[in-house]
Amino acid sequence: MGPPLIDPLWIYGSDDARVFESIWNGRQAGMPAWAGIIPQDDVWKIVAFIREAPPGDKWPWNGEAAAPASTAASSVEPAKGRGPLTVDITGRHGWWDILYRGLEGAADARTANELHLPVGRPVRLVLRSGDTAHQFCAPVVDDAIDLEAGREVRVEVQVDEPGTSIGVCRNLLGRADMPMRILIVAQPAAAFDEWLSAQRMPAPEPSEASASRGRDAFLERGCLVCHTIRGTPARGRVAPDLTHVASRRQIANGVLDNRIGNYEAWIAGNESIKPGNQMPAFKELDGATLRALGSYLDSLR
Amino acid sequence: MKTMRAAVAASVIVACALSACAPHPVQTVAGGHPDDGRDAIARSPCINCHVIPGIPESRGVVGPPLSRWAGRAYIGGRLPNTPETLVQWIRDAPSFDPEVAMPDMGISDQDARDMAAYLFTLN
């Protein structure tokens, strides 16, 4: 009755939010809305299960299914003893969602706005738009790639030198003054592997009192509605995953250096820093709570 | 008319000199360099919470604007605005006020001195 969930074709978009939407609100073609019938947490579990279907079944390049719709097919083989590395990159309203899928029992690693790549190893990027239209224009691709909702673009890239570079992309239907930045961090293979292993881990438990208080505030003051911190009840998907936010070089889609002071500034006054962004400014927090949130985020390394 | 204005101005100056009400006396910060402070502020999170004259990048609305700092009576609404107190406030505001929103940002003593020196040039 419904379309297959193990082929690469996603009628309503394959990112988590779209799959959730399909289950929660239903689709006119015949899918009923399960809101109020299946608890929200269970819907997310179903989304996770659907998204974790074995890559051998789902992705054409791992099997003998249809030819991939790759924009830059490459004959470069992955280094021996390593599976292909695939990174899912989804354009959101004002930020990039970046997912390194867990394979062979490893957990997913999800980050935002900062794409790490191993030097000398081909990487497949699966590019999508999570909402309207986006343009992906990181320095690792030759030309800007237009992304439309419901369509995937696959491209294979390889970086040959360690270093960082920045792509400033247009958000085609966004505000003209709100570019989408993506920071590319090219690392030697060993450093990359170490980074990815750390990113797959759940968030560290806060060890200081102020960070611990910040964790409580994060879970009580509504932050968890939009943000995920793996290892905590925070599982929101409309804003960046903050599990290891302190390990990133920048925050707020590259607008702010990642350091104490800027967390507080962003939480309470983001509209003055990046007009038009989607996050509400939390002006009702008392000063000590704002600082505690800063301490907690700074502990998420 | 010109003579009259000059006379009024002169009398104000004399009155101020007599009553020690001269416009904002210039306060200096020991070991602080205003130009370095301006640069240090522009590189710091200060600009994301405050609007600070002379620093176009400053845009914050979380804390108060720091205009006319040299004439301010209080820091954080409670501490007399002296150069040394400002240096320590910049370094660790919560040590003065546990409820303050401004965090300890790990700013060095030298940077804090330079920043305070710059703020005291704002008349």
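Numbers given to residues run from 1 along each chain, matching the order in which its sequence is written. Each chain takes a letter, starting from A, and each ligand takes a number, starting from 1, following the order in which they are written. Restriction of local features to residues with pLDDT of at least 70 applies here, the model being predicted, together with a cutoff of 80 or more for giving and counting side-chain atom pairs; totals for whole chains, interfaces and linings are based on all residues. Note that the side-chain values use all heavy atoms of the structure and ignore hydrogens as well as water.

Draft legend 1. Structural context of the confidence of the model for chain A. The predicted model of chain A averages 83 in pLDDT, with 77% of residues at 70 or higher. Note: pLDDT gives the predictor's confidence per residue, expressed from 0 to 100. We call two residues in contact whenever any of their non-hydrogen atoms come within 4.5 Å of each other. This stretch, residues 54-81 of chain A, has a pLDDT under 50; its non-local contacts, to residues over four places away or in other chains, come to 45 contacts.

Draft legend 2. Up close: the packing of helix α2 (residues 34-43) of chain B against helix α5 (residues 109-119) of chain B. Residue and element names in this part refer to chain B. Packing of α2 against α5 brings their axes to within 7 Å, and their N-to-C directions diverge by 105°. Judged by the angle between their axes, α2 and α5 are roughly perpendicular. Where α2 abuts α5, its residues P34, D36, G37, R38, A40 and I41 lie against D111, D114, M115, A117, Y118 and L119. A fitted line through C-alpha atoms serves as each axis, taken over the contacting stretch for helices, and the angle formed by two N-to-C directions is quoted from 0 to 180°. Numbering of helices and strands runs from the N terminus; a helix is a DSSP stretch of H or I covering at least four residues, while a strand is a stretch of E covering at least two. In this scheme, roughly parallel covers angles under 35 degrees and roughly antiparallel covers those over 145, while 65 to 115 is roughly perpendicular and the rest are oblique.

Draft legend 3. The interface of chain B and chain A, seen in detail. Taken together, the contacts link 19 residues of chain B with 18 residues of chain A. Across the chain B/chain A interface, buried area totals approximately 1300 Å², and carbon plus sulfur atoms make up 57% of it. When two components associate, each loses some accessible surface as probed by a 1.4 Å sphere; the sum of these losses over both components is called the buried area. Three residues stand out in chain B for area buried against chain A, namely B:P45, B:N48 and B:R59, and they jointly supply 34% of the buried area on that side. One side-chain nitrogen of Lys or Arg within 4 Å of one carboxyl oxygen of Asp or Glu is enough to make a salt bridge. Counting across the chain B and chain A interface gives 0 salt bridges. Charged residues are taken to be Asp, Glu, Lys and Arg, nonpolar residues to be Ala, Val, Leu, Ile, Met, Phe, Trp, Tyr, Cys and Pro, and polar residues to be all remaining types, Gly included. Across the side of chain B that touches chain A, the residue classes tally to 11 nonpolar, 3 polar and 5 charged.

Draft legend 4. Structural view of the environment of A:E194. Residue and element names in this part refer to chain A. Considering the arrangement of structural elements, one finds E194 in helix α4 (residues 189-200). A relative accessible area of 60% places E194 in the exposed class. Sequence separation between E194 and N258 is 64 residues, and the spatial gap between their C-alpha atoms is 21 Å. Exposure categories follow from relative accessible area, calculated using a 1.4 Å probe and restricted to protein chains: below 20% of the type maximum is buried, above 50% is exposed, and the middle band is partly exposed.

Draft legend 5. Broad picture of the side chain of A:N258. All names here are of chain A. Turning to its location among the elements, N258 is positioned in the loop between β13 (256-257) and α6 (262-273). Overall, the relative accessible area of 17% leaves N258 in the buried class. We call two N or O atoms a polar contact when they sit within 3.5 Å, provided that within protein one can donate a hydrogen and the other can accept it, with sequence-adjacent residues counted only if both atoms are side-chain atoms. At a separation of 2.8 Å, a polar atom in the side chain of N258 contacts the main-chain carbonyl oxygen of V245. Aside from chain neighbours lying at most four places away, what touches N258 is V245, A246, R248, R249, Q250, I251 and Y263.

Draft legend 6. Highlighting the side chain of B:D114. All names here are of chain B. Its location among the elements puts D114 in helix α5. In this count, Lys and Arg are taken as positive residues and Asp and Glu as negative ones, while His and the chain termini are left out. This buried residue, D114, is left without a salt bridge; R43 holds the nearest opposite charge, at 7.3 Å. In this structure, D114 is in contact with G31, G32, H33, P34, D36 and G37, ignoring residues within four places of it in sequence.

Draft legend 7. Up close: the pattern of salt bridges. All names here are of chain A. Under the definition given, this model contains 17 salt bridges over all chains. Across the salt bridge formed by E156 and R124, the nearest N and O atoms sit 3.4 Å from each other. Here E156 is found in strand β9 (residues 153-157), whereas its partner R124 is found in strand β6 (residues 123-129), with 32 residues between them in sequence. One exposure class covers both E156 and R124, and it is buried.

Draft legend 8. Local environment of unusual backbone geometry. The backbone of A:N253 sits at a positive phi, close to 50°, despite the residue not being glycine. With respect to the element layout, A:N253 can be found in the loop between β12 (250-251) and β13. Notably, B:R68 is not glycine yet its phi reads approximately 50°, a positive angle. With respect to the helices and strands, the residue B:R68 is situated in the loop between α3 (46-49) and β1 (74-75).

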